[in-house]
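Observations on the model geometry
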Amino acid sequence: MQTHHTLASLRAQLRQWRRDGASIGFVPTMGNLHAGHYALVELARRHADKVVASIFVNPTQFGPNEDYARYPRTPESDINGLAENRCDALFLPPVEQMYPYGTIGCVQMHVPGITDILCGAHRPGHFNGVAQVVARLFNMVQPDLAVFGRKDYQQLQVIRYMAREMSFPVEIIPAPTLREADGLAMSSRNQYLQGDERQTATRIHQTLVFMRDAARQGLPLPGIEDQARERLEAAGFSVDYAEIRRADLSRPRSGEAGQVALIAARLGRTRLIDNLEFENV
Ligand code: AMP
């Protein structure tokens, strides 16, 4: 696996692959890779001849009081893991490659509506930063397809909206959420959890299961959401939201069961998100 730190070097490799008629699959990440990320590489491999991953901790998607500085950076083990998982190339750019005019002088993206709700309401500017960096990465890699995890459900919707709206010729492929044996969704941020917090964190998935089952029974959604919030608060979480939405994240009408339960909650300094999609039975 070749690691590229500059766009020129990445493009030289991509040109050669394109000349050979290879299709390109892309997996953007922020690094500190775990089995969930490697499953994305595996999925990309099933759909494309060559797989490019990127590792870039994007400053424009972090708020001023968020964890940009302390976000875990483990490039050496990530490079080994990607090579072992048969990734063909890694793009690992410095900030200046991604933002040649700096993060103040850069062209902005604004995706209306969907970026303002749920996580967007609690992390102003976050999804516009995500859209901005993914648009740049799509221009740099020019992949045929890109794989995104369902774990970041709202992010996936933002990317789909942006790709369609901006006519990016990139097929967006969603990947299922990988979980630890006790249900906790794998995340680079899980390692922030201290002592008992790791055990408590399993309550998020348990609460999502409760929300799904109650919604399927036809119970009113506002009551389910209140109970979910109470359960999480009783376990020690500070809850940003616990909601049931339609697949497109609009609010279900009264009497509708919804299609996805979503939670964002903080345990100490760690903010965790997870979701559970469901069919109505
Ligand atoms: P991140 O490095 O956390 O920004 O994530 C990079 C990509 O990996 C995103 O598309 C995430 O949705 C995806 N991802 C992160 N955690 C998981 C997981 N537990 N299961 C599946 N995909 C994941």
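Look up a bit, the structure's there.
1. Points about the site of the ligand
- Taken together, 17 residues form the shell around the ligand, and within it Met30, Gly149, Asp152, Leu178 and Met186 come nearest.
- Note that an oxygen atom of the ligand is positioned 3.0 Å from one of the side-chain N or O atoms of His37.
- Interatomic distance of 2.8 Å between a backbone N/O atom of Met186 and a nitrogen atom of the ligand.
- Expressed as a share of its isolated accessible area of 480 Å², the protein-covered part of the ligand is 92%.
- Looking at the shell around the ligand, its residues break down into eight nonpolar, seven polar and two charged.

2. Topic: the environment of Leu118
- Following the sequence through the fold, Leu118 ends up in the loop between helix 4 (95-98) and helix 5 (119-122).
- Given a relative accessible area of 5%, Leu118 falls into the buried group.
- With 123 residues separating them in the primary sequence, Leu118 and Tyr241 have C-alpha atoms 6.8 Å apart.
- Setting aside residues no more than four positions away along its own chain, Leu118 makes contact with Gln154, Tyr241, Glu243, Arg245, Leu249 and Leu262.

3. Focus: the environment of Ala12
- Secondary-structure assignment places Ala12 in helix 1 (residues 7-19).
- Note on Ala12: relative accessible area 38%, which makes it partly exposed.
- In sequence terms Ala12 and Gln206 are 194 residues apart; their C-alpha atoms lie 48 Å from each other.

4. Topic: helix 9 (residues 202-216)
- Helix length check: helix 9, at 15 residues, gives a terminal C-alpha distance of 22 Å against a target of 21 Å (1.5 Å per residue), a fit within 8%.
- Within helix 9, the full set of buried residues consists of Thr202, Ile204, His205, Thr207, Leu208, Phe210, Met211, Ala214 and Ala215.
- Close packing links the buried residues of helix 9 with helix 8 (197-200), helix 10 (221-234), strand 7 (238-245), strand 8 (260-267) and strand 9 (270-277).
- Downstream of helix 9 by one or two residues, Gly218 has phi in the positive range, about 90°.

5. Overview of the packing of aromatic side chains
- Overall, the coordinates contain six aromatic pairs when judged by the stated rule.
- Their ring planes at 75° and their centres at 6.0 Å tell us that Phe62 and Tyr71 sit as a pair that is edge-to-face. Each member of the pair, Phe62 as well as Tyr71, is classed as buried.
- With a centroid separation of 6.4 Å and an interplanar angle of 70°, the aromatic rings of Phe138 and Phe148 are classed as edge-to-face. In this pair, Phe138 is assigned in helix 6 (residues 126-141) and Phe148 in strand 5 (residues 145-149), connecting sequence segments ten residues apart.

6. A few points about the sheet that holds strand 2 (residues 24-29)
- With parallel pairing, six strands are arranged side by side in an open sheet as 1-4-3-2-5-6. Single-partner strands in this sheet number two, and they are strand 1 (2-4) and strand 6 (171-175). Looking at each pair of strands side by side, their axes are set apart by 25° on average, direction ignored.
- Here two bridges tie strand 2 to strand 5, and the two strands are oriented parallel to one another. Residue pairing across strands places Phe26 opposite Ala146, the latter belonging to strand 5.
- The strands that helix 3 (residues 75-84) touches are strand 1, strand 3 (50-55) and strand 4 (89-91); relative to strand 3, the one it contacts most, it runs at about 165°.

7. Details of the sheet that holds strand 8
- Strand order in the open sheet formed by three strands is 7-8-9, and the pairing between neighbours is antiparallel. Every other strand in the sheet has two partners, leaving strand 7 and strand 9 as the edge strands with one partner each. Taken over all neighbouring pairs, the strand axes of this sheet differ in orientation by 10° on average, direction set aside.
- One ladder, built from eight bridges, connects strand 8 with strand 9; its direction is antiparallel. Bridge pairing in strand 9 links Ile263 to Asp274.

8. Here's the deal with the pattern of salt bridges
- Counting across every chain of the model gives 15 salt bridges.
- We note a salt bridge from Arg212 to Asp213, for which the minimum N-O separation is 3.1 Å.

Conventions we followed
- Residues numbered from 1 in each chain as written.
- Predicted model: local features only at pLDDT ≥ 70, side-chain atom pairs only at ≥ 80, totals over all residues.
- Heavy atoms only, no water.
- Near = heavy atom within 4 Å.
- Polar contact = N/O pair within 3.5 Å; in protein donor to acceptor, adjacent residues only side chain to side chain.
- Areas by Shrake-Rupley, 256 points an atom, 1.4 Å probe, with all protein chains shown as cover.
- Nonpolar A, V, L, I, M, F, W, Y, C, P; charged D, E, K, R; others polar.
- Helix = DSSP H or I, 4+ residues; strand = E, 2+ residues; numbered from the N terminus.
- Buried < 20%, exposed > 50% of the residue type's maximum accessible area, 1.4 Å probe, protein only.
- Contact = heavy atoms within 4.5 Å.
- Expected span 1.5 Å × (residues − 1).
- Phe/Tyr/Trp six-rings, centres within 6.5 Å; stacked < 30°, edge-to-face > 60°.
- Pairing = 2+ DSSP bridges.
- Axes fitted to C-alpha atoms, helices over the stretch in contact; angles between N-to-C directions.
- Salt bridge = Lys/Arg side-chain N within 4 Å of Asp/Glu carboxyl O.

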